[in-house]
Amino acid sequence: MNQKTKEEVLNGRTALGIEFGSTRIKAVLITSDFETIASQTYDWENQLINGYWTYSVEEIIKGLQEVYRGIKQEVENSYGFELKSIGSIGCSAMMQGYIALDQKGELLVPFRTWRNTNTSEAATALTKEFNFKIPQRWSIAHLYQAVINDEDHVHNIHYITTLSGYIHWRLTGNRSIGICDASGMFPIDQNSGDFDTEMVNTFTRLIDQKNYKWNLRDILPNVLLAGSDAGSLSKEGAKLLDPSGTLQPGIPMCPPEGDGGT
């Protein structure tokens, strides 16, 4: 047994990364020297439901809890104590797609993943209006296609995000996203490091006659650069990640990111 590693784990000088990929969820706990302490995976598959590729919220949370439970068990098996604290946590996930939440934080429609390509009308129209290529998989294409289709849920949108942003929000209560993942939601202004204001205004004019209760900038997450403060693990988030109640809240979390960089 490496005594130095044991002390780092015991004193919370560690980092936990959780990645939600298309076919498996992966978690890795490392020391400050980047030594792997424990790693776990959870296999899953998307489902085609009502014409959309999706993963259920229940499966998302189950996978999150399973990989953490495995990490916790590895630590206990190796070092003889329960994992109670971690130095920092970060999550990443498949980029793009569409998660729309109401004011209570409930999904308005099932998660529409990056795999869905039924937004060609919206993507073509936005590409023309923005004079900027908008792929079908981007969140804004999903949103505008829902507008074009007059989907009922659009009226009740309070927040839209990606899978990484959703997980981060569930763990922290913080509506933020890393700039890489944000760039798969809506065009980024490279000077400001935020969503492009002119394009936001253009989109607002496009949907003005719909008289929605929301405006686009208010329902998008805050864009953060790497190293920024993205909040900390809340009491509710700690209980969600570790239902046993052993894990302590207050752990700093980095901005959630897409899998493009991982």
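Now for a look at the structure at hand. Note that this is a predicted model, so its numbers are computed, not measured.

**Some details on the overall build of the protein chain**
Here is step 1: In terms of helices and strands, the protein chain carries 9 helices and 13 strands.
Here is step 2: Over its C-alpha trace the protein chain gives a radius of gyration of 19 Å, about what one expects of a compact globule, namely 18 Å for 262 residues.
Here is step 3: Within the protein chain, the fraction of its 262 residues that count as buried is 48%.
Here is step 4: For the protein chain, the exposed surface amounts to about 12,400 Å²; the carbon and sulfur share of it is 45%.
Here is step 5: The averaged location of the 32 negative side-chain charges in the protein chain is 3 Å from the averaged location of its 23 positive side-chain charges.

**Looking at the environment of Asp-229**
Here is step 1: Tracing the chain through its elements places Asp-229 in the loop between strand S12 (222–224) and helix H9 (235–241).
Here is step 2: In this structure Asp-229 comes out as exposed when scored by relative accessible area, which is 68%.
Here is step 3: Along the sequence, Asp-229 and Trp-44 sit 185 residues apart, while their C-alpha atoms lie 31 Å from each other.

**Some thoughts on the side chain of Thr-246**
Here is step 1: Tracing the backbone through its elements, the reader meets Thr-246 in the loop between H9 and strand S13 (257–258).
Here is step 2: Other than its neighbours up to four places away in sequence, Thr-246 contacts Lys-72, Glu-82, Leu-83 and Lys-84.

**Observations regarding helix H4 (residues 139–148)**
Here is step 1: Where burial is concerned, most of H4 is hidden: 9 out of the 10 residues are buried.
Here is step 2: In this structure, the buried side of H4 is in contact with helix H3 (120–130), strand S8 (159–161), helix H7 (197–206) and helix H8 (216–219).
Here is step 3: Following H4 by one or two positions, Asp-150 adopts a phi angle in the positive range, close to 55°.

**Points about the environment of Ile-61**
Here is step 1: Relative to the helices and strands, Ile-61 is located in helix H2 (residues 57–79).
Here is step 2: The class for Ile-61 is buried, based on a relative accessible area of 10%.
Here is step 3: Sequence-distant contacts of Ile-61, that is, excluding residues within four places in its chain, are made with Arg-170 and Leu-240.

**Points about the packing of H2 against helix H5 (residues 163–172)**
Here is step 1: Between H2 and H5, the least distance of the axes is 12 Å, while the angle of their chain directions is 65°. The angle between H2 and H5 places the two elements in the roughly perpendicular class. When the axes of H2 and H5 are compared, the crossing they make is right-handed. Two secondary-structure elements touch here, H2 through Val-57, Ile-60, Ile-61 and Leu-64 and H5 through Leu-163, Tyr-166, Ile-167, Arg-170 and Leu-171.
Here is step 2: Classifying every residue of the contact of H2 with H5 gives 8 nonpolar, no polar and 1 charged.

**What to know about the sheet that holds strand S3 (residues 36–43)**
Remark on secondary structure: sheet strands pair via backbone hydrogen bonds, oriented parallel or antiparallel.
Here is step 1: Overall, mixed pairing links the 5 strands, which are arranged S3-S2-S1-S6-S13 in an open sheet. Lying at the two open borders of the sheet, with one neighbouring strand each, are S3 and S13.
Here is step 2: As paired strands, strand S2 (residues 24–31) and S3 are joined by 7 bridges and run antiparallel to one another. Residue pairing in the sheet places Lys-26 in a bridge with Thr-41 of S3.
Here is step 3: Of the strands in this sheet, strand S1 (14–20), S2 and S3 are in contact with H2, which crosses S3 at around 150°.

**Examining the pattern of salt bridges**
Here is step 1: This structure, assessed with the given rule, holds 6 salt bridges.
Here is step 2: We note a salt bridge from Asp-242 to Lys-72, for which the minimum N-O separation is 3.4 Å. Taken together, the positions of Asp-242 in the loop between H9 and S13 and Lys-72 in helix H2 put the pair 170 residues apart, joining distant regions of the chain. Both residues of the pair, Asp-242 and Lys-72, count as buried.
Here is step 3: The partner of Arg-112 in a salt bridge is Glu-151, with the nearest N and O atoms 2.9 Å apart. Taken together, the residues span a long stretch of sequence, with Arg-112 in the loop between strand S7 (99–101) and H3 and Glu-151 in the loop between H4 and S8 at a distance of 39 residues.

**Description of the packing of aromatic side chains**
Here is step 1: If you walk through the whole model with that rule in mind, you get 10 aromatic pairs.
Here is step 2: For the ring pair Phe-186 and Phe-195, a centre distance of 6.0 Å and an interplane angle of 90° mean the geometry is edge-to-face. Across the pair, Phe-195 and Phe-186 agree in class, each one buried.
Here is step 3: An aromatic cluster is present here, built from Phe-20, Trp-44, Tyr-55 and Phe-111 joined pairwise through their rings.
Here is step 4: Lying across the ring of Trp-53, Arg-115 places its NZ or CZ 3.6 Å from the centre.

**Description of the packing of H3 against H4**
The axes of two packed helices give the description: the angle between them and the distance between them.
Here is step 1: Contact pair H3 / H4: the axes reach a minimum separation of 8 Å and the direction vectors enclose 110°. When the axes of H3 and H4 are compared, the pair comes out roughly perpendicular. Judged by residue contacts, Ser-120, Glu-121, Ala-122, Ala-123, Ala-125 and Leu-126 of H3 engage Ile-140, Ala-141, Tyr-144, Gln-145 and Ile-148 from H4.
Here is step 2: Taken together, the residues of the contact of H3 with H4 sort by class into 8 nonpolar, 2 polar and 1 charged.

About the cut-offs
Residues numbered from 1 in each chain as written. Predicted model: local features only at pLDDT ≥ 70, side-chain atom pairs only at ≥ 80, totals over all residues. Heavy atoms only, no water. Helix = DSSP H or I, 4+ residues; strand = E, 2+ residues; numbered from the N terminus. Rg over C-alpha atoms; globule rule 2.2 N^0.38 Å. Buried < 20%, exposed > 50% of the residue type's maximum accessible area, 1.4 Å probe, protein only. Areas by Shrake-Rupley, 256 points an atom, 1.4 Å probe, with all protein chains shown as cover. Lys, Arg positive; Asp, Glu negative; His and termini not counted. Charge placed at Lys NZ, Arg CZ, Asp CG, Glu CD. Contact = heavy atoms within 4.5 Å. Axes fitted to C-alpha atoms, helices over the stretch in contact; angles between N-to-C directions. Parallel < 35°, antiparallel > 145°, perpendicular 65-115°, else oblique. Left-handed = near helix turned anticlockwise from the far one by under 90°. Nonpolar A, V, L, I, M, F, W, Y, C, P; charged D, E, K, R; others polar. Pairing = 2+ DSSP bridges. Salt bridge = Lys/Arg side-chain N within 4 Å of Asp/Glu carboxyl O. Phe/Tyr/Trp six-rings, centres within 6.5 Å; stacked < 30°, edge-to-face > 60°. Lys NZ or Arg CZ within 6 Å of the ring centre and 35° of its normal.

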